[in-house]
Amino acid sequence: MSHGPRSGLTAVSSALLAMSRHLEVRDVLKTIVASARELLDAQYAALGVPDDHGGFAQFVVDGVSEEQWKAIGPLPRQHGILAAMLHEATPERLGDVRKDPRFGGWPSAHPDLVDFLGLPIRDGDEVLGALFLANKLRPVEGHPPHPPCPEPTGTCGFTQDDEELLGILAQHAAIALTNARLYERSRELTIAEERSRLAHELHDAVSQKLFSLRLTAQAATALVDRDPARAKGELHQVASLAAEAADELRAAVVELRPAALEEDGLVATLRTQIQVLDRAHAARVTFTGRGVKALPAAQEEAMLRVAQEALHNALRHSGAKRVEVTLHRRGSGTVLRITDDGGGFDPRTVRRAGRHLGLVSMRDRASGTGGRLTVRSAPGEGTTIEMEVPGG
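Calculation notes
Residues numbered from 1 in each chain as written. Predicted model: local features only at pLDDT ≥ 70, side-chain atom pairs only at ≥ 80, totals over all residues. Heavy atoms only, no water. 1 Å grid on protein atoms, 1.4 Å probe; cavity = no way out; pocket = protein on both sides within 12 Å on 5 of 7 lines; lining within 4 Å. Points joined across faces, edges and corners; volume = space filled by probe spheres on them. Helix = DSSP H or I, 4+ residues; strand = E, 2+ residues; numbered from the N terminus. Nonpolar A, V, L, I, M, F, W, Y, C, P; charged D, E, K, R; others polar. Pairing = 2+ DSSP bridges. Axes fitted to C-alpha atoms, helices over the stretch in contact; angles between N-to-C directions. Contact = heavy atoms within 4.5 Å. Buried < 20%, exposed > 50% of the residue type's maximum accessible area, 1.4 Å probe, protein only. Polar contact = N/O pair within 3.5 Å; in protein donor to acceptor, adjacent residues only side chain to side chain. Core = buried A, V, L, I, M, F, W, Y, C linked by side-chain atoms within 4.5 Å.

Caption draft 1: Just the layout of surface pockets, in detail. Approximately 650 Å³ is the volume found for the largest pocket. Elements that contribute at least two residues to the lining of the largest pocket include exactly β1 (42-50), β2 (56-62), α3 (66-72), α4 (80-88) and β5 (126-136). When grouped by side-chain class, the residues that make up the lining of the largest pocket number 23 nonpolar, five polar and three charged.

If you want it as structure tokens, here you go:
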């Protein structure tokens, strides 16, 4: 290996730790590629995740600028050396990839690759992807970064030690990638469960409103001839119930719509959803965000879900006339606070009665991202829910 025993062990440890820190599949792929390139002193690295149509669902590169990558064009197909990596699932170490009979060329903007090392990433019998390295860097003492070998020389290409080291990295990459996929799947299931819960609430709430509306309309019809004044009152009630049913529908549609966290971030997503809730409900709902930078995706999602649950309680159950949501920095952390002026409750009584108002779910979300949840409420004194996470 190009590193000494101590530096090599440290580098491997750092690479494995870096992979284990991420939960998003895309972040894991990027970390694997960057770690492999740095660990084995390669000029270029790439990782391809196959699709079911002869191409790659994802293809992540390191060592190529964004401008170069755009110029190269569409994702590669599974042919030549890439196909061998995925279908034969065996390592490939070549002195000059261009001289291999399976080599089929590359786009004009593609960098020139010479020596090549590739390994499949496997989970049992399943090939999750293939990891590629190219252009082993020539060590020149005191002159980092090392220049690439222009042609294979037999002393500059990838070695058996490099292949073994990459094999270790590929095994841990399989674990990290599998964990990330499981995490994303669990997120999808959680979102599906929440959508199901909201749909059930929508059905119950709107059904009750429509049932009341129908009875009131029937009463108004019966009274219109013999007691016009009372009929008029019943018709006013019909209008009120219809407005409430419309409010329930609008609010549910907002909550069912997938959050645009990836595109817009937590602050913009919260602001948009709260603006719609303010229009949909009689209560005044406001949002203030101050000095908060981007948080890890898991923390942003947890904060959004806690905000939605707390807003649901405040707008549907508390009778609040005003609900305030703030997101701000505090020390080295970020704090989400939802405060309402509604009827409040005794948290101890609610817990004993088995009616948690989603508090257990909110606490789980907070603790699951390294944060904590605080609930302050009392009958007649409103409610404040705070979620604090490190960072931001």
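Caption draft 2: Molecular detail of the sheet that holds strand β4 (residues 116-123). Read from one edge to the other, the open sheet built from five strands follows the order β2-β1-β5-β4-β3, with strand pairing classed as antiparallel. Taken across any chain shown, the strands that pair with only one partner, and hence form the sheet edges, are β2 and β3 (92-94). Taking each pair of neighbouring strands and ignoring which way they run, the sheet shows an average axis angle of 15 degrees. Along the sheet face, helix α2 (residues 25-39) touches β1, β2 and β5 and points at about 40 degrees away from the line of β2. Those strands touched by α4 are β1, β2, β3, β4 and β5, and its axis lies near 140 degrees from that of β5.

Caption draft 3: Molecular detail of the pairing of β1. Along β1, seven of the nine residues are buried, which leaves the element largely enclosed by surrounding structure. Direction of pairing for β1 relative to β5: antiparallel, over a ladder of six bridges. If you follow A46 over to β5, its bridge partner there is F132. As paired strands, β1 and β2 are joined by six bridges and run antiparallel to one another. By the bridge assignment, A45 is partnered in β2 with D62.

Caption draft 4: Looking closely at the side chain of S35. As for its placement among the helices and strands, S35 is situated in helix α2. One polar contact links the side chain of S35 to the main-chain carbonyl oxygen of T31, over a distance of 2.7 Å.

Caption draft 5: Main features of the pairing of strand β9 (residues 372-377). Of the two faces of β9, only one is covered, namely that formed by L373, V375 and S377; the face formed by R372, T374 and R376 stays uncovered. Looking at chain direction, β9 and strand β10 (residues 383-390) are connected through six bridges and run antiparallel. From the neighbouring strand, S377 faces β10, where its bridge partner is T383. Linking β9 back to β10 in an antiparallel pair, the connection comprises five residues, with G380 at a positive phi of about 80 degrees.

Caption draft 6: Region of the structure containing the environment of A42. Mapped onto the fold, A42 is located in strand β1. The buried category is assigned to A42, whose relative accessible area is 2%. Along the backbone, A42 and D62 are 20 residues apart, and their C-alpha atoms lie at a distance of 9.8 Å. Beyond its immediate sequence surroundings of up to four residues, A42 is in contact with R37, L133, A134, N135, L137 and F158.

Caption draft 7: Quick peek at the sheet that holds β10. Read from one edge to the other, the open sheet built from five strands follows the order β6-β7-β8-β10-β9, with strand pairing classed as mixed. In the strand order of this sheet, the two ends are held by β6 (284-290) and β9, each with one partner. In this sheet, neighbouring strand axes are inclined to one another by 10 degrees on average, regardless of whether the strands run parallel or antiparallel. Each of β6, β7 (322-330), β8 (333-340), β9 and β10 is contacted by helix α8 (residues 297-316), which is oriented at about 10 degrees to β8, the strand it contacts most. Across the face of the sheet, helix α10 (residues 359-368) comes into contact with β9 and β10 while running at roughly 145 degrees to β9.

Caption draft 8: Region of interest: the nonpolar core. In this structure, L270, L336 and M387 are the most contacted members of the largest nonpolar core, which totals 34 residues. Listing elements by their share of this core, those giving two or more residues are α7 (261-280), β6, α8, β7, β8, α10, β9 and β10. Listed in part, the 29 residues of the second largest apolar core include A42, L119, L166 and L169.

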